[in-house]
Amino acid sequence: MKFSVIFEAQLADPTVEREHQVIRDSVEQAVLAEEMGFDRIWAVEHHSLKWYAHMSAPEIFLTWVAARTSTIRIGHGVVCMPFNFNHPARVAERAAMLDLLSGGRLDLGAGRGGTVQETSLCGVDKDRTTQEVEEALRIIGKAWEKEELEHHGELIDIDPHPILPRPAQTPHPPLFLACSRTETLTQAAELGIGALVMGFAGPESIAEMRRAYDTAIAARTDARFVSSVVNDHFSVLCPTIVLDDQETARRVGIRGQRFFAQSIGHWYGGAGIPDEAVVEGGDEAAEMRKAAEQVVARLHEHNIPVRPTSTATFNADHAYGTADDAIAYVERLRDAGANEIMCLIQMGTVPQGACLETLRQWGEKVIPHFRTQEAAGA
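All of the points below concern the structure found in this document. This structure is a prediction, so every number in the text was calculated from the model and none was measured.

### Details of the side chain of E118
Stage number 1. With respect to the element layout, E118 can be found in helix α4 (residues 116-122).
Stage number 2. Notably, E118 is buried but unbridged: the nearest opposite-charge side chain belongs to R112, and the N-O separation is 9.0 Å.
Stage number 3. Beyond its immediate stretch of four places on either side in the chain, E118 contacts E45, H46, H47, L49, C80, F85, G113 and Y268.

In structure tokens:
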């Protein structure tokens, strides 16, 4: 099993000074992640999503991190693939350059960037995002298979051109897709690429998603494959704060997740501005339940059906507490079918000290627990 850290560059009280600091803090965390034995970092591309994600140029962030590290894999996950965000040929060029300079450490994920806030910034047709993501993956998947890329699809035509430079990995970096629904899991399986899965609903939901992915893998042909190389890798999000003091870790972690949930609710569902205030010693589990109830009430008010995905981000049962608590939770994710645990540590209200200590605790206690098990099994 692999272990990684994912960055959105979330920010409470987003002044310019604090924004600059949170980016620098994320770099510090990424460098420490390598020292602590993590396998990969991921950086997620979003645009204009104040509070929720200030990571608008992850290719720059990842290049900076790659230059300061030597072994950890560099996950560009995800790139917003609709054409007005990023032309597929430009994604292929940038990916190859970063893969080359990092010594073949790049992984490349795809996503829609489907919020109205983002699509309106770049003139993206939100009704075409799903189609454009798949066609972009098809273009990128074959960009280095031949001497020249030529593509004539439903949405875009590219006459023969070489894509330069060539990546270090052959034929190209592994490909992934952001998956939050059965439909996208099926799409990833049929395209022959890995799944990056939001894990807020917990291990039982993850097990259902893994079954959907495996079912689609078992039923697929190679008709929709986007590359000659198939990547059936299932990566699962794991919100976590690990400290020596269990109660403090849970309070800090759940508070950070509440900010995450309110921020994503603001941009994806029209909820209010996220609550930035941190009340020392407050009952964060109760505040989380209250925030979830407000979301449910708002959805009912607008006659929008309340589905599990609507409130999943408010589920507080995650790897918060001591290292033993994190180990127990990761064992549940492993048993649910996770090939990779993507640690979500950098949430808007979590102080840098708690982020760094969480990375140390994972590196010194959590990851070695599973490495020892794997070695014994081998």
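The discussion continues.
### Overview of the pattern of salt bridges
Stage number 1. Across all of its chains, the model carries 25 salt bridges by this definition.
Stage number 2. As a salt-bridge pair, D127 and K126 come within 3.9 Å of each other at their nearest N and O atoms.
Stage number 3. Residue class for D127 comes out exposed when judged on its relative accessible area of 64%.
Stage number 4. Each of the salt bridges in this network shares a partner with another, and the network as a whole consists of R40, R73, D107 and E340.

### Points about helix α1 (residues 16-35)
Stage number 1. Look at α1: 30 Å from first C-alpha to last across 20 residues, which is about the 28 Å you get at 1.5 Å a residue.
Stage number 2. For α1, the set of buried residues is V22, D25, S26, V27, Q29, A30, V31, L32, A33 and E34.
Stage number 3. Packing partners of the buried residues in α1 comprise β1 (2-7), β2 (40-43), α2 (58-68) and α12 (352-377).
Stage number 4. The positive-phi residue at the C-terminal boundary of α1 is G37, with phi of around 90°.

### Description of the pairing of strand β6 (residues 157-161)
Stage number 1. As paired elements, strand β5 (residues 149-152) and β6 share three bridges and run antiparallel to each other. Within β6, the residue paired with L149 across the bridge is H161.
Stage number 2. The loop that links β5 with its antiparallel partner β6 comprises four residues.

### Digging into a negative patch on the surface
Stage number 1. Taken together, E148, E150, D157 and D159 make up a surface patch of like negative charges.
Stage number 2. One can find D157 in strand β6.
Stage number 3. Taking relative accessible area as the criterion, D157 reaches 54% and is therefore assigned exposed.

### Considerations on a nonpolar patch on the surface
Stage number 1. Taken together, M97, L100 and L101 make up a surface patch of nonpolar side chains, about 300 Å² in accessible area.
Stage number 2. Relative to the helices and strands, L100 resides in helix α3 (residues 88-101).

### Things to note about the environment of A92
Stage number 1. Topologically, A92 is positioned in helix α3.
Stage number 2. Distance in space between the C-alpha atoms of A92 and L137 is 9.7 Å, their sequence separation being 45 residues.
Stage number 3. The residues contacting A92, other than those within four sequence positions of it, are A143, W144 and I163.

### Brief notes about the packing of α1 against α12
Stage number 1. Relative orientation of the contacting elements α1 and α12 amounts to 10°, with a least axis distance of 10 Å. Relative to α12, the element α1 lies roughly parallel. Here D25, E28, Q29, L32 and A33 of α1 come into contact with α12, specifically with Q352, C355, L356, L359 and R360.
Stage number 2. Residue composition of the contact of α1 with α12, by class: five nonpolar, two polar and three charged.

### Let's talk about α12
Stage number 1. For α12, which comprises 26 residues, the first-to-last C-alpha distance of 36 Å matches the rise-based estimate of 38 Å (1.5 Å per residue) to within 8%.
Stage number 2. At W362, α12 is bent by approximately 45°, the largest bend along its length.
Stage number 3. Looking only at α12, the buried set comprises Q352, A354, C355, L356, T358, L359, Q361, W362, G363, V366, I367 and F370.

### As for the packing of aromatic side chains
Stage number 1. Within this structure, the stated rule accounts for 10 aromatic pairs.
Stage number 2. Ring pairs connect the aromatic residues F3, F38, W362 and F370, which therefore count as one cluster.

### What about the state of the cysteines?
Stage number 1. Enumeration over the complete set of coordinates arrives at zero disulfides.
Stage number 2. Just so you know, C80 is unpaired, no disulfide at all, and the nearest cysteine sulfur is the one on C122, 8.4 Å from it.
Stage number 3. Given the relative accessible area of 1%, C80 is considered buried.
Stage number 4. C179 takes part in no disulfide bond, and the closest cysteine sulfur, belonging to C80, lies 15 Å away.
Stage number 5. Given a relative accessible area of 2%, C179 falls into the buried group.

What counts, and where the lines are drawn
- Residues numbered from 1 in each chain as written.
- Predicted model: local features only at pLDDT ≥ 70, side-chain atom pairs only at ≥ 80, totals over all residues.
- Heavy atoms only, no water.
- Helix = DSSP H or I, 4+ residues; strand = E, 2+ residues; numbered from the N terminus.
- Buried < 20%, exposed > 50% of the residue type's maximum accessible area, 1.4 Å probe, protein only.
- Lys, Arg positive; Asp, Glu negative; His and termini not counted.
- Salt bridge = Lys/Arg side-chain N within 4 Å of Asp/Glu carboxyl O.
- Contact = heavy atoms within 4.5 Å.
- Expected span 1.5 Å × (residues − 1).
- Pairing = 2+ DSSP bridges.
- Patch = residues over 30% accessible without salt bridge, like charges linked within 9 Å, V, L, I, M, F, W, Y side chains within 5 Å.
- Areas by Shrake-Rupley, 256 points an atom, 1.4 Å probe, with all protein chains shown as cover.
- Charge placed at Lys NZ, Arg CZ, Asp CG, Glu CD.
- Axes fitted to C-alpha atoms, helices over the stretch in contact; angles between N-to-C directions.
- Parallel < 35°, antiparallel > 145°, perpendicular 65-115°, else oblique.
- Nonpolar A, V, L, I, M, F, W, Y, C, P; charged D, E, K, R; others polar.
- Bend = angle between axes of the 7 residues up to and from the residue.
- Phe/Tyr/Trp six-rings, centres within 6.5 Å; stacked < 30°, edge-to-face > 60°.
- Disulfide = S-S within 2.5 Å.

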